[in-house]
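Structural overview for review
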Amino acid sequence: TIAQLKAREILDSRGNPTIEADVITSTGHVFRAAVPSGASTGIYEALELRDKDEKRYLGKGVLHAVDNVHKILSPALKGLNVVDQSKIDKLMVEQLDGTQNEWGWCKQKVGANAILAVSLALARAGAHDKKIPLYHYLAELAGKRTDKFVTPVPSLNIINGGAHAGNSLEIQEFMIMPTGASSFREAMRIGAETYHHLSKLLKKKYGKSASNVGDEGGFGAPQIKDENETLELILEAIQSAGHTGKIDIALDAAASEFFDGKTGNYNLSQKTGKNDRILTPDQLIDLYANLASHYPIKSIEDPFDQDDFSSYQKLTKRIGDKIQIVGDDLLVTNPKRVQSGIDGKWVNALLLKVNQIGSVTESIEASNMSQRAGWGVMVSHRSGETEDNFIGDLVVGLGTGEIKSGAPCRSDRLAKYNQIMRIEEELGNRAVYAGHHFRDTSKL
Ligand code: PGA
Ligand code: ZN
C-alpha cells in the first residue's frame, strides 16, 4: 500500500522547473516519475500549475504543485493499494481536484502536473507489486494482449522549426520514420546514420553553425528557406546514408502557432517578419496535398489551428486514405475532444501526450477510443523533457506502433528510445516491429 507521497521541483531539458514525485510504499520501496512540459501548448490542455512568482525561475516555479502533492494528495492516498490505478486516478482527478470545464476534468486546483507525477509513479509501483515490467503492466491496465508486444516506429525529429528553433521555418518538426527497418533497434541505427549524414550536409551547404540543434535535438539550421528546401535536404541525407526506400517522412506543422485569429489565415512568413507568405485555409490544404504527393510523407500533425475543424475535415477527406492526419493541439489527449474528433471526422490519428490530460487512466482511455475508431496513435514526448523514460514503456504497452521523442540526439530524447531498445531485447521473439503497419497494429 501507499505510505506517503513525496514531491520536489527539478529542472527540465530547457532549464525550467518541473515536478517529480515519489510514491513510497509500506514496504519502503520508492517509485519515481517526472513530468514534461510543452512550448507550443494547446489551449485545451489540462492546467500546468506554475507559481507565477516572477522572483523565482521567471515565474515558472512549481512549488505550489509540490505543496499540493504533500498536503492534498499524500494524506488522501495513504493506505490505498498501489495496483488500483484507475480508482486512484479517479479519486485524484474527480474528488481531490474536482474542477471541470466544457471539455471535462481540467485539474485547475491541484494541477495536472502534480496529479500526473503521482499517477506515473503509481504505475511503476503497481508493476513492481505485480512483479511484471512496466510495459506489461500498462498493457494489462489497457486491456491489451500480453503474449506478444509491438515495438513502435520511431518518428525522429531531425530538423526543428517553429517555436523550437531560432530559424525562419514555420513548420515545427521534420521527422523521419524508418518504416522499412526490421526491428526498433535497426530503425534507430538507420535514423541516427541519416541524422549524421544530414549534419555533414548542412555544414557543407550552410556553414558550421547550421548543425546547431533545437529543443528536440534536431538541427535548427538558420538559413534553410522553406519546407521544400528542407525536404530536399532530408532526401539527400537519406540517400547519402544509403537508406533510400526505408524511410518515410512525418511533419508536425503545429499550425496554431502561425494561425492569425483575426483574419483566419496562416502566416508562413511570421518568423521572418516579412509577411510575404500568407495562405488562406484552402491554400494551405493545397500546400499539404502537394507536399504529400511529391515527397514520401506518411503523417502530418496539427496542419491547422486547434479550432479550425472544417479545414481538418477537408484535408482528412482529401488525403486521409493515403496518409495519417494527427491531432495534437486539436485533441490534447482529451477523451471528450477525441470523441468529437471521431464523430466529426476531423483527423485519423491521435497524438498521445500524458501531460496534456494529466493521468495514466485518461491517457489510456484516449488511446483505446482512438484505436477502436480505427485511428493511429502516436505516443509523444514534450519539447521540455526529463530523463524519465515512462513513454517508452507506454508505447509498447499500448501497442500503438509509433512514437515521437525527438532526434536521435540529447539524452532527454534518447532516454525513451534507449528504453524501447532494452524492452525489445528483453522480449526477444515476443516483440514484433510495427514497420509499415504503424497506423494499424491490430493485425501484427
Ligand atoms: P510541445 O511540442 O511539446 O512544445 O507542445 C511538441 C508538439 O507540438 O508535438
Ligand atoms: Zn505537435
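Residues numbered from 1 in each chain as written. Chains lettered and ligands numbered in written order. Predicted model: local features only at pLDDT ≥ 70, side-chain atom pairs only at ≥ 80, totals over all residues. Heavy atoms only, no water.

Identification of the chain as phosphopyruvate hydratase from Stylonychia lemnae is taken from an unreviewed UniProt entry. Listed under Subcellular location (unreviewed entry) in UniProt, the entry text for the chain is "Cytoplasm". (UniProt positions renumbered as here; feature names shortened; annotations may be inferred.)

**So, the sheet that holds strand E12 (residues 265-267)**
A sheet is described by the order of its strands in space; here 3 strands give the open sequence E11-E12-E13, paired in antiparallel fashion. Because the sheet does not close on itself, it has two edges, and the strands there are strand E11 (259-260) and strand E13 (278-279). Bridge count for E12 against E13 is 2 bridges, and the pairing is antiparallel. If you follow asparagine 267 over to E13, its bridge partner there is isoleucine 278. (Pairing = 2+ DSSP bridges. Helix = DSSP H or I, 4+ residues; strand = E, 2+ residues; numbered from the N terminus.)

**Some thoughts on the pairing of strand E3 (residues 30-34)**
Sheet topology places strand E2 (residues 17-25) next to E3; 5 bridges connect them, and they run antiparallel. Across the sheet, residue isoleucine 24 finds its bridge partner in E3, namely valine 30. The turn linking E2 back onto E3 is made up of 4 residues, and glycine 28 within it adopts a positive phi angle of 90°.

**Here's the deal with unusual backbone geometry**
Here the phi dihedral of tyrosine 57 falls at roughly 45°; this positive angle occurs in a residue that is not glycine. Residue placement: tyrosine 57 occurs in the loop between E3 and helix H1 (63-77). Its identity is not glycine, yet lysine 345 carries a phi of approximately 50°, on the positive side. Inspection of the secondary structure puts lysine 345 in the loop between helix H9 (335-344) and strand E16 (349-352). Since its relative accessible area comes to 61%, lysine 345 is described here as exposed. (Buried < 20%, exposed > 50% of the residue type's maximum accessible area, 1.4 Å probe, protein only.)

**Describing the site of ligand 1**
Of all residues adjacent to ligand 1, which total 15 residues, the nearest are Ala39, His164, Arg382, Ser383 and Lys404. For ligand 1, an oxygen atom lies 2.9 Å from a polar atom in the backbone of serine 40. Within the side chain of lysine 353, an N or O atom sits 3.1 Å from an oxygen atom of ligand 1. Burial of ligand 1 by the protein chains amounts to 100% of its free accessible area of 280 Å². Here the shell around ligand 1 is built from residues that sort into 2 nonpolar, 5 polar and 8 charged. (Near = heavy atom within 4 Å. Polar contact = N/O pair within 3.5 Å; in protein donor to acceptor, adjacent residues only side chain to side chain. Areas by Shrake-Rupley, 256 points an atom, 1.4 Å probe, with all protein chains shown as cover. Nonpolar A, V, L, I, M, F, W, Y, C, P; charged D, E, K, R; others polar.)

**A few points about the UniProt feature "binding site: substrate" (unreviewed entry) in the chain**
Under the local residue numbering, the UniProt record ascribes the feature "binding site: substrate" (unreviewed entry) to His164, Glu173, Glu301, Asp328, Ser380, His381, Arg382, Ser383 and Lys404. Position of glutamate 173 among the secondary structure elements: in strand E9 (residues 173-177). Taking the relative accessible area as the measure of exposure, glutamate 173 reaches 1% and is therefore buried. Non-local contacts of glutamate 173, meaning those with residues more than four positions away in its chain, are made with Asn157, Ile159, His164, Glu216, Ala250, Leu251, Asp252 and Lys404. Of the polar contacts made by the side chain of glutamate 173, one reaches the side chain of glutamine 172; its length is 2.7 Å. Excluding anything up to four places from it in sequence, serine 380 contacts Leu351, Leu352, Lys353, Ile391 and Lys404. (Contact = heavy atoms within 4.5 Å.)

**Some words on the pattern of salt bridges**
Two side chains that carry opposite charge are able to pair once their charged atoms sit near each other. As enumerated under the stated definition, the model contains 33 salt bridges in all. In this structure, the salt-bridge partner of aspartate 22 is arginine 8, at a minimum N-O distance of 2.7 Å. Taken together, the residues aspartate 22 in strand E2 and arginine 8 in strand E1 (residues 2-11) connect sequence positions 14 residues apart. Arginine 56 is paired through a salt bridge with glutamate 9; the nearest N and O atoms lie 2.6 Å apart. Residue arginine 56 is located in the loop between E3 and H1, and its partner glutamate 9 is located in strand E1; the two are separated by 47 residues in the primary sequence. (Salt bridge = Lys/Arg side-chain N within 4 Å of Asp/Glu carboxyl O.)

**Focus on the packing of aromatic side chains**
Applying the stated criterion across every chain, the model contains 10 aromatic pairs. Taking 6.1 Å as the distance between ring centres and 65° as the angle between the ring planes, the aromatic pair formed by tyrosine 266 and phenylalanine 304 counts as edge-to-face. Placement of tyrosine 266 in strand E12 and of phenylalanine 304 in the loop between strand E14 (297-301) and helix H8 (309-319) is noted, with a sequence separation of 38 residues between them. Here tyrosine 266 and phenylalanine 304 have matching classes, each one buried. For the ring pair phenylalanine 309 and tryptophan 346, a centre distance of 4.2 Å and an interplane angle of 5° mean the geometry is stacked. Remark: tryptophan 346 occurs in the loop between H9 and E16 and phenylalanine 309 occurs in helix H8; sequence separation between them is 37 residues. Judged by relative accessible area, which is 7%, tryptophan 346 ranks as buried. Put simply, the rings of Phe258, Phe259, Tyr266, Tyr288, Phe304 and Tyr312 touch in pairs and so form one group of aromatic residues. Looking at arginine 337, its charged tip hangs above the ring of tyrosine 44, at a distance of 3.8 Å from the centre. It is arginine 337 that lies over the ring of tryptophan 103; its NZ or CZ is 4.7 Å from the centre. (Phe/Tyr/Trp six-rings, centres within 6.5 Å; stacked < 30°, edge-to-face > 60°. Lys NZ or Arg CZ within 6 Å of the ring centre and 35° of its normal.)

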